Amino acid sequence: MSGDTLSPLPTFSRPGLSRTTTTLTARDVLLQARKNTVLKSHGRPPWYGEDGHRISDAFVIGIAGGSASGKTHVARRIVQSLGSIPTVVILSQDSFYKQHTPEEIELAFASRYDFDHPDAIDMPLFASCLADLKDCRQTNIPIYSFTEHQRLDETKYLYGAAIIIAEGIMALHDPALRALYDLKIFVQCDSDLMLARRIKRDVTERGRSVDGILEQYLRYVKPSYDHFVQPTSRYANIIVPGSDNAVAIDIISTHIRRQLDERATQLRQRLAGTGPRDLVAHGSPDLASQTLNLTLLPQTPQVKGILTILRDAETCRGDFIFFTDRLATLLVEKATELLPYRPKSVVTPIGVEAHGKQVDVQVRPLERGLRRVINDIPIGSMLIQSEAASGEPILLHLQLPICIRQRHLAQNTYVFLVDAQISTGAAAFMAIRILLDHGVPQDHIIFVTFLVARCGGISVLQRAFPAVKIVCGAVDDHLREMWLEGVDEGEQPAEGRKVWVVEPGIGHIGDRYYL
Ligand SMILES: Nc1ncnc2c1ncn2[C@@H]1O[C@H](COP(=O)(O)OP(=O)(O)O)[C@@H](O)[C@H]1O
Ligand SMILES: Nc1ccn([C@@H]2O[C@H](COP(=O)(O)O)[C@@H](O)[C@H]2O)c(=O)n1
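Conventions adopted
- Here the residue numbering is sequential within each chain, running from 1 through the sequence in written order.
- Starting at A for chains and at 1 for ligands, labels are handed out in the order in which the entities are written.
- It should be noted that, the model being predicted, local features are given only for residues of pLDDT at least 70 and side-chain atom pairs only at 80 or more, the latter also being counted only at that level, while totals for whole chains, interfaces and linings use all residues.
- The numbering of helices and of strands both runs from the N terminus, where a helix is a DSSP run of H or I of at least 4 residues and a strand a run of E of at least 2.
- With C-beta atoms placed from the backbone, the exposure class of a residue follows from how many other C-beta atoms lie within 10 Å of its own: 20 or more, buried; 12 or fewer, exposed; in between, partly exposed.
- Residues are defined as contacting one another if the C-beta atoms placed from their backbone atoms lie within 7 Å.
- This arc is taken over the directions from the axis of the helix to the C-beta atoms.
- Using a C-beta atom placed from the backbone, a residue is described as near a molecule or strand when that atom lies within 6 Å of it.
- Under the scheme applied here, ten amino acids are nonpolar (Ala, Val, Leu, Ile, Met, Phe, Trp, Tyr, Cys and Pro), four are charged (Asp, Glu, Lys and Arg), and all others, including Gly, are polar.
- Note: two strands are recorded as paired if DSSP finds a minimum of 2 bridges between them.
- Angles shown run from 0 to 180 degrees and are taken between the N-to-C directions of axes, each axis being a line fitted to C-alpha atoms and, for helices, limited to the stretch in contact.
- Here the term right-handed applies to a crossover when the path leading from its first strand over the helix to its second strand runs clockwise, the strands being oriented away from the viewer.
- Along the chain, pLDDT gives the predictor's confidence residue by residue, from 0 to 100.
- Angles below 35 degrees are treated as roughly parallel, those above 145 as roughly antiparallel, those between 65 and 115 as roughly perpendicular, and all remaining angles as oblique.
- Less than a right angle of anticlockwise turn of the near helix away from the far helix marks a crossing as left-handed, whereas a clockwise turn marks it as right-handed.
- Given the number of residues in a helix, its expected span is that number minus one, multiplied by 1.5 Å.

## Here's the deal with the overall build of the chain
Then step 1. Helices and strands together make up the secondary structure of the chain, namely 17 helices and 18 strands.
Then step 2. Taken across its 515 residues, the chain has 44% of its residues classed as buried.
Then step 3. Intrachain contacts of the chain at a sequence separation of at least 6 include 74% that bridge at least 24 residues.

Printed below as a string of structure tokens:
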């Protein structure tokens, strides 16, 4: 296998721009990330503590009210007014209409099917998808078509929301759903206004006729509202008017913001401060001997030679790329040694049986470059950056292979998680947590990285996730806290922030490789 064909491991080593990803190819992604050094993020801050366990659920809001009362409108306005606060998902009860039979669909087209009875909705599925999201697990929700009156074959993958807004006429009806909400809202709207809005909307957006709308309304919608929907307003914490509701939305957003502030973890600060104390306590300078699952690439003269070239600030870009690729190949090869192998016998061209080994896994690595070492493997990417104000790692982008998204993981599925370096360990921590949230077992995760900081968050990382294996090219002694000058989107100097860099380190590997 030739070293120069392998792409580098993820390479954003820019202080405070910790990036765990697998795509890494696009120079413009890097440029964009540089531009956004001061990040005003909509991403997800940590939802777990130093022990790796979840410490905060997503904040869940339930919004009920009559059809066309303005539930979606209220939900969207809340999202807007939260501004730069983390990811918010709006989950509509409509997604959970049950599968209809052809006869039911025929009735629906004749406005003779009751979509307004609680039994029309798959409440257990609604509650279980919401519970997964609240517990920070991934979920796949059905997609519903109002024009076809049917649930479609595709589903929508959702993961990583810090705030979830569940809205629907029956959102407060089911006790299992109500138990999941942190805040319950009922949108109270005049019936005439709701009917007028519904006619307008259903004609323009749902392809309905006025006659059909009125028939359905009188037969099902209005009676259901009186019987099932309106009575659930008694469960609400807040009643929001169906129009002129800007003040109510403002009050709700302030409440949510305060709740999120109380849940902030300060994880990076704590990880950066834990390493040195731990190492003193262990009393050994040898990180690999302290951490059961850390494999340091044998420091052969060849490896030392490559590292020296990479550390040298004078190394030209061409050499940097060439030797980064070589080191990446060696690391991936080393990592594949950690996979289970089983005996395999083959017959040679001269008819003799030879006994050997065969890798006994499905490998699901997260790095494009790995494909050149192990072909035919699905690849995903994660973008985890430090938030400007807090320095906290923020999940900004997640693109996982379908087998992970859908939790279709065979027992022998392994995931290679790759990043340029582990300094405070905060980004690595989040990346591992994400895989665990998708059901990947700890001992099936192999983290491959060029560089680990001895005094960084590595020991916390290993304590939280002891079965995760780490393969690295070098262990550096120090983690230096330094002040990074910010640059905002208009390239103007902006407020700076503290970051941690590995010393002696390799510098900003991404910049040196791509720019
Ligand atoms: N506060 C409001 N002011 C003006 N129009 C509104 C307001 N709330 C909702 N609408 C309009 O009413 C219609 C139905 O609102 P929507 O939020 O979709 O209702 P629901 O989700 O309760 O069925 C939409 O066309 C929307 O633009
Ligand atoms: N195939 C369907 C399914 C549902 N409806 C109506 O939608 C209403 C709920 O959605 P809102 O956005 O208005 O809350 C409900 O009243 C059903 O009558 C439909 O018309 N066709």
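Here the narrative resumes.
## A word on helix α12 (residues 301–311)
Then step 1. Residues of α12 that are buried include every one of Ile306, Leu307 and Leu310, and no others. Looking down the long axis of α12, one finds its buried residues gathered within 95 degrees of arc, a one-sided arrangement. Facing away from the buried side of α12, by more than 90 degrees, are the exposed residues Pro301, Lys304, Gly305 and Thr308.
Then step 2. Looking at the buried residues of α12, the elements they touch are α13 (317–336) and β16 (469–476).

## Side note on the environment of Asn293
Then step 1. Among the secondary structure elements, Asn293 is positioned in the loop between α11 (287–290) and β8 (294–296).
Then step 2. Those residues in contact with Asn293 that lie beyond four places of it in its chain are Gln462, Pro466, Ala467, Val468, Lys469 and Ile470.

## Quick look at the site of ligand 2
Then step 1. Close contacts around ligand 2 come from 13 residues, with Ser67, Phe115, Asp116, His149 and Val221 the closest.
Then step 2. In terms of residue class, the shell around ligand 2 is built from seven nonpolar, three polar and three charged.

## Side note on the sheet that holds strand β7 (residues 238–241)
Then step 1. Read from one edge to the other, the open sheet built from five strands follows the order β2-β5-β1-β6-β7, with strand pairing classed as parallel. Only two strands of the sheet have a single partner each, and these edge strands are β2 (88–92) and β7. For this sheet, the mean inter-axis angle between neighbouring strands, taken without regard to orientation, is 25 degrees.

## Looking at the site of ligand 1
Then step 1. By nearness alone, every residue bordering ligand 1 is listed as Gly65, Ser67, Ala68, Ser69, Gly70, Lys71, Thr72, His73, Arg197, Arg201, Ser243 and Asn245.
Then step 2. Breaking the shell around ligand 1 down by element, the ones donating at least two residues are α2 (71–82) and α6 (191–204).

## A look at the pairing of strand β14 (residues 413–422)
Then step 1. Counting buried positions over the ten residues of β14 gives nine, a clear majority of the element.
Then step 2. With seven bridges connecting them, β14 and strand β15 (residues 445–453) associate as parallel partners. Bridge pairing in β15 links Gln421 to Leu451.
Then step 3. For the segment spanning β14, helix α15 (residues 426–437) and β15, crossover handedness is right-handed.

## Thoughts on the confidence of the model for the chain
Then step 1. Looking at the chain, the pLDDT average stands at 81 and 78% of residues meet or exceed 70.
Then step 2. Summarising per-element confidence for the chain, the mean pLDDT is lowest in helix α10 (residues 275–282) (36) and highest in strand β6 (residues 183–188) (98).
Then step 3. Confidence drops under a pLDDT of 50 for residues 275–285, and excluding neighbours within four residues, the segment shows 14 contacts in the predicted structure.
Then step 4. ipTM for the predicted complex: 0.98, alongside a pTM of 0.76.

## Considerations on the packing of α12 against α13
Then step 1. The N-to-C vectors of α12 and α13 enclose an angle of 140 degrees; their axes lie 9 Å apart at closest approach. Here α12 is positioned oblique relative to α13, judged by the angle of their axes. By crossing handedness, the relation of α12 to α13 is classed as left-handed. Across the interface between the two elements, Val303, Ile306, Ile309 and Leu310 of α12 pack against Asp319, Phe320, Phe323, Thr324, Arg326, Leu327 and Leu330 of α13.
Then step 2. For the contact of α12 with α13, a count of residues per class yields eight nonpolar, one polar and two charged.

## Notes on unusual backbone geometry
Then step 1. The omega angle of the peptide bond from Glu503 to Pro504 is 0 degrees, so this bond is cis rather than trans.
Then step 2. You can see Pro504 is positioned in the loop between β18 (493–503) and α17 (509–514).
Then step 3. You will see that Ser111, though not glycine, has its phi angle at about 55 degrees, which is positive.
Then step 4. We note that His149 has phi near 55 degrees; this positive angle belongs to a residue other than glycine.
Then step 5. Looking at the secondary structure, you find His149 in the loop between β3 (139–145) and β4 (150–158).
Then step 6. Judged by local crowding, His149 falls into the partly exposed class, with 18 C-beta atoms found within 10 Å.

## Describing α13
Then step 1. Its 20 residues place the ends of α13 28 Å apart at the C-alpha level, agreeing with the 28 Å of an ideal helix rising 1.5 Å per residue.
Then step 2. Taken residue by residue, α13 has Phe323, Thr324, Asp325, Arg326, Leu327, Ala328, Thr329, Leu330, Leu331, Val332, Ala335 and Thr336 as its buried positions.
Then step 3. On its buried side, α13 packs onto α12, β14, β15, β16 and α17.

## Things to note about the pairing of strand β1 (residues 59–65)
Then step 1. Across the seven residues that make up β1, a large majority, seven, are buried.
Then step 2. Here β1 shows no split at all, with Phe59, Ile61, Ile63 and Gly65 on one side and Val60, Gly62 and Ala64 on the other all buried.
Then step 3. Relative to strand β5 (residues 163–167), β1 runs parallel, the two sharing five bridges. Bridging across to β5, Phe59 finds its partner in Ile163.
Then step 4. For β1 and β6, the ladder comprises five bridges, and the chain directions are parallel. Looking at β6, one finds that Ile63 is bridged to Ile185.

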